Amino acid sequence: MWRISVQSVRHYWALFTGTFVALALGVALIGVSASALAATWAVPASPDAGNPSVTLTDSTGTERTLSRGDLDMGGVQSVLAMAGVVSAFVTVFVIAGTCAFGIALRRRDMGLLRLVGAGGPQVRRMVLGESLAVAVPAALAGCVVAAVAAPVAVEALNGTGLSPVDLRPGPLLWPLVFAAGSGLVIAVLGMLAASKRAARVRPTEALREADLDARTMTAGRGVMGVLTLAAGAVMVALVPGVGAEAATPLALFGTMALAVAATLFGPLYLPPLLRLMTLPLRWADPVAGRLAAESVRTSRRRTASLVGPVLAILAIVGVFTTVLSTTGAATEADDRARTAAQLVVEPAAGATLGRDAVAELRADPRVAAVSAPAPVEVAVAGPHSVWKEQAAVADPVALARTHRITVVDGTLGPLGPGTVAVSREFADWYGHRAGSTLTYGLFGGEPVKARVTAVLDGGSDVPPLLLPSGARDTSPVPGLERATVLLDEKAAGSAPVVAAELTERLGADRVRVTPTADWFGRVATDQDRLNRLVLAVLTVPASLYALIAVASTLIMSYSRRGREIAGMRMIGVSAGQVRRMALWETLSTTLLGVLIAAGVVTVGARAYRGALTVFGGETPLSVPWGMLGTLTAACLLVGVVVSLSATGRLLRQVSVATVASRQ
């Protein structure tokens, strides 16, 4: 059967081109993501052995030593891992759909093979042989593309500033082996399900029925649809009650499961919906509109295959970008609502704010309170491990005056030696409460066993650990990043004037005093830029891949529509009407994919929004309309260009055949 498989690939090269391109680009995406991750793993954790360290003992009695200079690559690795998940999901989704669509388009050929005596196992071996004949060169081509693109991608990643150090491209052998192996596994798994369907084709059924309409909803497709629908519904239903950290993966993967379910059930509900969408075309363009409506209604498999890639990429990109944007918007809104102070003081030059400037602020008669936490990184010992944690040397009483902070447990008061306050998130995650003890250490100092005096709920304004001022005597800490100033009632109404006067009195070369609203606006702009970079790393490669997959699916579809278009021309349908039919088909299927994706993303985003809280207000829902609108327009453009080009090629073939027959 191997010889037949190779000959089949050669004969139907246009049909297999879509699978080849999709798989090659999928392998390239996986290879680039794996190579970038390998570059982060190659960075030494402790680049400078002379950095201060601290040794703590966890509850199991194991001593662990951490150094201040240890690099934290977790952020960039998380982004790259998420990008890999998106790329892998889109690759699996597209390849599975492409393989199934290819078998559906060749249903008549499978029936002919069964008619001449081929058994079901032989048909399955032939189909699997075709997948290997396409997958092996596609995987090799993808590895070549990944080898060329990986160094460029790593350099581009350095330009985003997401990594704390510049990355250097590492050895490509194992990332490429992983990518090639993943591509082969994806191709074989995608063809396995399709081969079962091909083996069940009956000779008389294939000769009698249309190419695409027979048994579009198989038992396997229905079972997988029910399972993914149930899994997605359960995950999305759990999102509002699990907290912000656990809500993120549930919202993402729950929405992705719903998108898969929507695609699997596509042959059932897409044709009726598309028929309703195309009803106005029957009056606006009677011939082409009616042809388009009947085409999408009767060719259910083809309709589902055309809607699927658009639905998948818009749902995936939509939920990832909306979740990240909503997280940033909720954090900003919570910070604004919790900040009672009217002014923010930052250093005009240099990285730290002088303590003498803070002392002068406190001495000003118009100032009611000043909070100036000194950030410091510490090591914390837990039940089974020791980890780094962000802390701050701060006065909780002053912080509670400049910010709206709730005491969840314990009492609010000045911190003395051997005491700490913790945030609610830290307490929930590690099981601390008022009166419990924890062990921490500043780098270069000794372990400190401290008692938790209060658990504070203050959003991002409260660091995980608040340390007493005496902690500064244990090890040097960085200077102050900024101070927050609460004015008295008389001066509160003229904050901009007070800001200008304080800047002049303290010296514009030393400090920059900004009203709180203006400061939040500037910080939000910087954060938006970082968010856009993260979203670009996550979604742009997968989006480009999905657009190519949309084009490949259309090419596969039109590669088997020559007889259909020839029949239309024979009964008097003009070339312009055929082109308009293709245009209406593409626009309706693409727009329906956009609408379904929007519905799926809306379900996941609203559930995720319910898991976030904003102090004294409603959590905003932030949608990156610009990015999603651009992607939607790109899907429409690719679909229209490819469909019209393919239709024009088929019309030219029909014209040539007509002239040849007359001669």
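Analysis parameters
Residues numbered from 1 in each chain as written. Predicted model: local features only at pLDDT ≥ 70, side-chain atom pairs only at ≥ 80, totals over all residues. Heavy atoms only, no water. Helix = DSSP H or I, 4+ residues; strand = E, 2+ residues; numbered from the N terminus. Polar contact = N/O pair within 3.5 Å; in protein donor to acceptor, adjacent residues only side chain to side chain. Contact = heavy atoms within 4.5 Å. Patch = residues over 30% accessible without salt bridge, like charges linked within 9 Å, V, L, I, M, F, W, Y side chains within 5 Å. Areas by Shrake-Rupley, 256 points an atom, 1.4 Å probe, with all protein chains shown as cover. Salt bridge = Lys/Arg side-chain N within 4 Å of Asp/Glu carboxyl O. Lys, Arg positive; Asp, Glu negative; His and termini not counted. Charge placed at Lys NZ, Arg CZ, Asp CG, Glu CD. Buried < 20%, exposed > 50% of the residue type's maximum accessible area, 1.4 Å probe, protein only. Phe/Tyr/Trp six-rings, centres within 6.5 Å; stacked < 30°, edge-to-face > 60°. Pairing = 2+ DSSP bridges. Axes fitted to C-alpha atoms, helices over the stretch in contact; angles between N-to-C directions.

Draft legend 1. Structural view of the side chain of Ser-436. Mapped onto the fold, Ser-436 is located in the loop between helix H16 (424–430) and strand E9 (437–442). At 3.3 Å, the side chain of Ser-436 and the side chain of His-432 are in polar contact. When sequence neighbours within four positions are dropped, the list of residues in contact with Ser-436 reads Ala-450, Arg-451 and Val-452.

Draft legend 2. How the structure looks around a positive patch on the surface. Residues Arg-569, Arg-579, Arg-649 and Arg-652 make up a contiguous surface patch of positive charge. Inspection of the secondary structure assignment puts Arg-649 in helix H22 (residues 625–662).

Draft legend 3. Up close: the pattern of salt bridges. If you walk through the whole model with that rule in mind, you get 15 salt bridges. Across the salt bridge formed by Glu-346 and Arg-512, the nearest N and O atoms sit 3.5 Å from each other. A residue pair is termed long-range when its members are at least 10 positions apart, and Glu-346 in strand E3 (residues 343–347) and Arg-512 in strand E13 (residues 511–515) qualify at 166 residues. A relative accessible area of 12% means that Glu-346 is categorised as buried. What makes Arg-512 partly exposed here is its relative accessible area of 40%.

Draft legend 4. Structural view of the side chain of Glu-389. Locating Glu-389 in the fold gives a position in strand E6 (residues 386–393). Of the side chains with opposite charge, Lys-388 comes closest to the buried, unpaired Glu-389, at an N-O distance of 12 Å. Of the polar contacts made by the side chain of Glu-389, one reaches the side chain of Trp-387; its length is 3.1 Å.

Draft legend 5. Inspection of the packing of aromatic side chains at higher detail. Under the criterion given, the structure shown has three aromatic pairs. Look at Phe-426 and Tyr-430: their rings are 4.8 Å apart centre to centre, the planes differ by 50°, and that puts the pair in the tilted class. Separated by four residues within a single helix, Phe-426 and Tyr-430 lie in helix H16, roughly one turn from each other. Here Phe-426 falls in the buried class, since its relative accessible area comes to 3%. Judged by its relative accessible area of 32%, Tyr-430 is partly exposed. Ring centres of Trp-519 and Phe-520 lie 5.1 Å apart, and the angle between their planes is 70°; on these two criteria the pair is classed as edge-to-face.

Draft legend 6. Quick peek at the sheet that holds E3. A sheet is described by the order of its strands in space; here four strands give the open sequence E4-E12-E3-E13, paired in antiparallel fashion. Each edge of the open sheet carries a strand with a single partner, namely strand E4 (367–371) and E13. When the angles between neighbouring strand axes are averaged without regard to direction, this sheet yields 25°. Note: E3 against strand E12 (residues 483–487), three bridges, orientation antiparallel. In the strand pairing of E12, Leu-343 is matched with Val-485. Set on the sheet, helix H14 (residues 355–363) makes contact with E3, E4, E12 and E13; between it and E4 the angle comes to about 155°. Its contacts with the sheet put helix H18 (residues 495–506) on E3, E12 and E13, and the angle it makes with E13 is roughly 175°.

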